[in-house]
Amino acid sequence: MKKAFFTLSVLLIMAACQFPGRGPQMITIRGVVFGTYYSIIYYDEEARVLQEEIDSIFQDFNSSMSFYDPQSILSQVNRNDPVLVDEYFKAVFNRSKEISRETDGAFDATVFPLVNAWGFGVDQRASMTEEIVDSLMQFVGFEKIDLVDGRIVKYDERVQLDFNAIAKGYAADVIGHYLESIGVTAYMVEIGGDLIARGSKPDGSKWRIGLEIPAKDHDAQQEWHYFVEVYNQGLATSGDYRRYIKDDGKRYSHTIDPQTGYPVTHNLMSASVFAGDAMSADAYATAFMVMGLDKSIAFVEARDDLEAYFIFSDDSNGYGYYASSGLQLLSRDDL
Ligand code: ADP
Ligand code: MG
């Protein structure tokens with residue numbers, strides 16, 4: 001992977017040299033991170049974004065919040081090792097707590113013991129029984145954990161954190177902050193479908209994103225239904241049709257309802273959320289997958305700072321969608 005990064009950065013520098021003084025050019029950087037793909041698209045007169053900076057931000061994220069890295073701050077917190085958390089961890093912890101409160105615990109980063117037991121963490125799926133679920137539920141809940149002077153304080157030492165439903169969005173925001181710090185004003189940073197888009201293209205047009213039609217399974221080809229313009233907004237999608245486990249012919253979603261302890265089962269297939277930043281969009285998207293269609297619609301319509309696009313399955317094995325009232329959908333003909 002390192003080699004590919006190197007080739008890419010060299011190519012970008014060459015591209016910049018080819019257009020001296022011809023106004024901003026569109027520059028794209030692509031790569032792999034957090035088990036998914038990312039892309040950074042920006043307009044600039046020179047290829048100012050340094051691949052090493054991007055790689056180092058991603059590395060810092062993994063060292064802070066990856067539960068696959070036993071040395072990460074998160075893994076140490078989960079093992080109850082005494083550790084001082086870093087700025088990324090603090091930002092994600094604090095926003096997680098706020099969104100957990102706002103969504104009545106639908107989003108809850110203390111869900112890790114359940115996520116892990118259901119087979120979406122680091123261990124093989126346990127054979128789940130009501131007793132196991134009930135016992136794990138005793139130490140799920142944000143009121144059981146705090147951040148005080150840079151250290152995690154647990155009121156039950158079995159509490160464990162999982163930032164997977166919010167960290168990807170925050171990483172996109174942080175890359176965006178880096179771009180702004182070097183003077184880039186028009187950009188889109190996308191990680192595994194979650195993104196932040198700021199500014200307009202040099203011709204004044206806004207960034208446009210395709211909203212995906214639900215795929216039947218992991219391998220289905222992507223198709224786009226509608227398009228939306230994103231302007232100084234984060235957009236994130238959670239869905240259970242690309243990540244699930246099949247067992248005894250049953251599909252288990254990777255979204256866990258922290259109130260029941262079980263994977264969610266309702267008819268909401270995907271939630272795409274537009275918010276002021278990608279971190280918030282990411283967390284609300286996961287919360288909506290827990291809340292289900294009706295509650296999520298009510299939540300979004302009561303909030304001026306959020307828009308959403310929901311896809312749900314209907315009785316006839318087809319699907320329908322709901323776009324919140326402030327969202328303007330464009331069809332192929334509008335493009
Ligand atoms: P994706 O991985 O498709 O981007 P999400 O952003 O919804 O989807 O993140 C899903 C992950 O979040 C799960 O794999 C799990 O680690 C964690 N998770 C599951 N349920 C919850 C929940 N109710 N609140 C917070 N995190 C959750
Ligand atoms: Mg999420």
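To start, this report covers the structure provided alongside it.

What counts and what doesn't
Residues numbered from 1 in each chain as written. Chains lettered and ligands numbered in written order. Predicted model: local features only at pLDDT ≥ 70, side-chain atom pairs only at ≥ 80, totals over all residues. Heavy atoms only, no water. Phe/Tyr/Trp six-rings, centres within 6.5 Å; stacked < 30°, edge-to-face > 60°. Helix = DSSP H or I, 4+ residues; strand = E, 2+ residues; numbered from the N terminus. Buried < 20%, exposed > 50% of the residue type's maximum accessible area, 1.4 Å probe, protein only. Lys NZ or Arg CZ within 6 Å of the ring centre and 35° of its normal. Donors = N, O, S within 2.8 Å, 3.2 Å for Na, K, Ca; no water. Near = heavy atom within 4 Å. Polar contact = N/O pair within 3.5 Å; in protein donor to acceptor, adjacent residues only side chain to side chain. Areas by Shrake-Rupley, 256 points an atom, 1.4 Å probe, with all protein chains shown as cover. Nonpolar A, V, L, I, M, F, W, Y, C, P; charged D, E, K, R; others polar.

1. Notes on the packing of aromatic side chains
And step 1. Within this structure, the stated rule accounts for 19 aromatic pairs.
And step 2. Aromatic pair Phe67 and Phe112: ring centres 4.9 Å apart, planes at 45°, arrangement tilted. Taken together, the residues span a long stretch of sequence, with Phe67 in the loop between helix H2 (51–65) and helix H3 (73–78) and Phe112 in helix H5 (residues 112–117) at a distance of 45 residues.
And step 3. Overall, Phe67 belongs to the buried group, its relative accessible area being 8%.
And step 4. Judged by its relative accessible area of 5%, Phe112 is buried.
And step 5. When the ring of Phe89 is compared with that of Phe163, the centres are 5.2 Å apart and the planes differ by 75°; the resulting orientation is edge-to-face. You can see Phe89 sitting in helix H4 (residues 87–102) and its partner Phe163 sitting in the loop between strand E4 (151–154) and helix H7 (167–181), a full 74 residues away along the chain. In this structure, Phe89 and Phe163 share a single accessibility class: buried.
And step 6. What links up through ring pairs into an aromatic cluster is the set Phe34, Tyr38, Phe58, Phe61, Tyr88 and Tyr170.
And step 7. Above the face of the Tyr231 ring, Lys206 is positioned so that its terminal group lies 5.3 Å from the ring centre.

2. Regarding the coordination of the magnesium ion (ligand 2)
Each donor-metal-donor angle would ideally measure 109.5 degrees in four-coordinate tetrahedral geometry, or 90 or 180 degrees in six-coordinate octahedral geometry.
And step 1. Looking at the metal site, the magnesium ion (ligand 2) is ligated by Ala165 (O), Asp282 (O), Asp282 (OD) and Thr286 (OG1), spaced 2.1 to 2.5 Å from it.
And step 2. Positions of the donor residues of the magnesium ion (ligand 2) along the chain correspond to the pattern A-x116-D-x3-T. Here the residue Ala165 occupies a position in the loop between E4 and H7, and Asp282 occupies one in helix H8 (residues 278–291), the gap between them amounting to 117 residues.
And step 3. On the basis of relative accessibility, which here comes to 3%, the residue Asp282 falls in the buried class.

3. Here's the deal with the site of ligand 1
And step 1. In the vicinity of ligand 1 there are 18 residues, among which Ala106, Asp162, Ser238, Ile256 and Thr286 approach most closely.
And step 2. Within the side chain of Lys168, an N or O atom sits 3.0 Å from an oxygen atom of ligand 1.
And step 3. Between ligand 1 and Asp282 there is a distance of 3.1 Å, counted from an oxygen atom to a side-chain nitrogen or oxygen.
And step 4. Protein contacts shield 95% of the accessible area of ligand 1, which totals 570 Å² for the unbound molecule.
And step 5. Per-element accounting of the shell around ligand 1 gives the leading share, three residues, to H8.
And step 6. Each residue belonging to the shell around ligand 1 can be placed in one class, and the counts come to eight nonpolar, five polar and five charged.

These figures come from the coordinates and say nothing about function on their own.
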